[in-house]
Amino acid sequence: MEAAQETVAPQDETVRNLQGVYRYYELAKRAEWQVRDLPWSELPPIPEYKGSPQKLARRRDLWRSVVTQQLQADELAVEMAAQLFSIAPDREAKLYYTTMVQDESRHTEAWLKLIQEAGGMAERDPYLDKLAHMTLDADTLEEKVFLMQVFYERLIIPRFRMIARSSRGTVLEDLCNRLAIDDGIHHGAGMAYERVLLEGAGKRVTRQLVDAANRLLPLFAQHALWRPKAREFIGSLMRETDMRMLRDDLENGVRLAKSLGIDVSDIQLPY
């Protein structure tokens, strides 16, 4: 009888244990989905309403704005994931980043199709561009993983869940639920890899991460509270909820940094 073949993780040639990162590679492959799997012909792309033409146009613009912002974020995420794949020195991490590049590319494809069905592009978020370039221009791999996967990927998940709850019975809801799962994997892999990268790291490296967090948090707060013109009319109504979510997100981010062994006493929360 022929013996069953098993997938064997690459053996790291250094003392670093990257089995945790490799497990996320396997998990990401199992969780992969295709844009054609979304219920394009079964559900409306975005929520539908009844009312005057003016009200319908305003609601459509609101949802086009939401979709545009998520498309913008994932277009930038493709660049960041590709950079991580390019510079990561460990084979297990490179394997994982092949899946992350594919995920972000697939997310972009889905958003492009959805924005077309929703009526076209809306206003871009200027703070997202700044956040992305902060990561792309960071000096070290530790800082890039910290910003992209430890912070961004974790902080966006509650927003996907909130969008999904507000868009029941749509393609948008289905997509956001899928992205929450994918970004949970991205975040978990980043936490696993950052722990490996920080093993034996000196105070200079962790100090760089604290400095990076202090540059990130004010920009993330501006991004979280920013409202394009299409959403100005609900901005005041959502302000209290937005502030509560922002506080929860940032405090959770600080807890994550502390769990990596980083001294968070000098991290300054922007509120």
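A brief structural summary.

Conventions adopted
Residues numbered from 1 in each chain as written. Predicted model: local features only at pLDDT ≥ 70, side-chain atom pairs only at ≥ 80, totals over all residues. Heavy atoms only, no water. Phe/Tyr/Trp six-rings, centres within 6.5 Å; stacked < 30°, edge-to-face > 60°. Helix = DSSP H or I, 4+ residues; strand = E, 2+ residues; numbered from the N terminus. Buried < 20%, exposed > 50% of the residue type's maximum accessible area, 1.4 Å probe, protein only. Salt bridge = Lys/Arg side-chain N within 4 Å of Asp/Glu carboxyl O. Expected span 1.5 Å × (residues − 1). Bend = angle between axes of the 7 residues up to and from the residue. Polar contact = N/O pair within 3.5 Å; in protein donor to acceptor, adjacent residues only side chain to side chain. Contact = heavy atoms within 4.5 Å. Axes fitted to C-alpha atoms, helices over the stretch in contact; angles between N-to-C directions. Parallel < 35°, antiparallel > 145°, perpendicular 65-115°, else oblique. Left-handed = near helix turned anticlockwise from the far one by under 90°. Nonpolar A, V, L, I, M, F, W, Y, C, P; charged D, E, K, R; others polar. Core = buried A, V, L, I, M, F, W, Y, C linked by side-chain atoms within 4.5 Å.

### Structural notes on the packing of aromatic side chains
- Tallying each qualifying case throughout the model produces 4 aromatic pairs.
- A centroid spacing of 5.4 Å and a plane angle of 50 degrees characterise the contact between Tyr22 and Tyr25, whose relative ring orientation is tilted. Of this pair, Tyr22 and Tyr25 both sit in helix 1 (residues 19–31), separated by 3 residues, roughly a single helical turn.
- On the basis of relative accessibility, which here comes to 7%, the residue Tyr22 falls in the buried class.
- Ring-pair connections join several aromatic residues into one group, and the members of that group are Tyr96, Tyr97 and Tyr193.

### What to know about the pattern of salt bridges
- This structure, assessed with the given rule, holds 14 salt bridges.
- For Asp242, the salt bridge goes to Arg227, with nearest N and O atoms at 2.4 Å. Taken together, the residues span a long stretch of sequence, with Asp242 in helix 8 (residues 232–259) and Arg227 in the loop between helix 7 (203–225) and helix 8 at a distance of 15 residues. Each member of the pair Asp242 and Arg227 is classed as buried.
- Each of Glu75, Arg124 and Asp129 takes part in salt bridges that share partners, so that together they form one network.

### A look at helix 5 (residues 141–166)
- If you check helix 5, its first and last C-alpha atoms are 37 Å apart, about what 26 residues at 1.5 Å a residue would give, namely 38 Å.
- By the largest-angle criterion, Tyr152 marks the main kink of helix 5, which is about 35 degrees.
- With 21 of 26 residues buried, helix 5 lies mostly within the body of the structure.

### Some points on the side chain of Ser167
- In this structure, Ser167 sits in the loop between helix 5 and helix 6 (171–198).
- Under the relative-accessibility criterion, Ser167 is labelled buried at 0%.
- From its side chain, Ser167 meets the backbone oxygen of Ile163 in a polar contact 2.8 Å long.
- Residues within four places of Ser167 in sequence aside, it is in contact with Pro47, Trp63, Leu172 and Glu173.

### Section: the packing of helix 5 against helix 6
- It is the contact of helix 5 with helix 6, at a shortest axis distance of 8 Å, that shows an interaxial angle of 155 degrees. Considering their axes alone, helix 5 and helix 6 lie roughly antiparallel with respect to each other. Considering only the axes of helix 5 and helix 6, their crossing is left-handed.
- Here the residues of the contact of helix 5 with helix 6 sort into 18 nonpolar, 6 polar and 6 charged.

### A few points about the nonpolar core
- In this structure, Tyr96, Tyr97, Phe146, Tyr152, Tyr193 and Leu216 are the most contacted members of the largest nonpolar core, which totals 60 residues.
- Here this core gets 11 residues from one element, more than from any other, and that element is helix 7.
- The contacts of Tyr193, once residues within four sequence positions are left out, are Leu18, Val21, Ala88, Pro89, Asp90, Ala93, Tyr97, Leu141 and Val145.
- Formed by 26 residues, the second largest nonpolar core is a distinct cluster that contains Trp40, Ala110, Ile156 and Val171.

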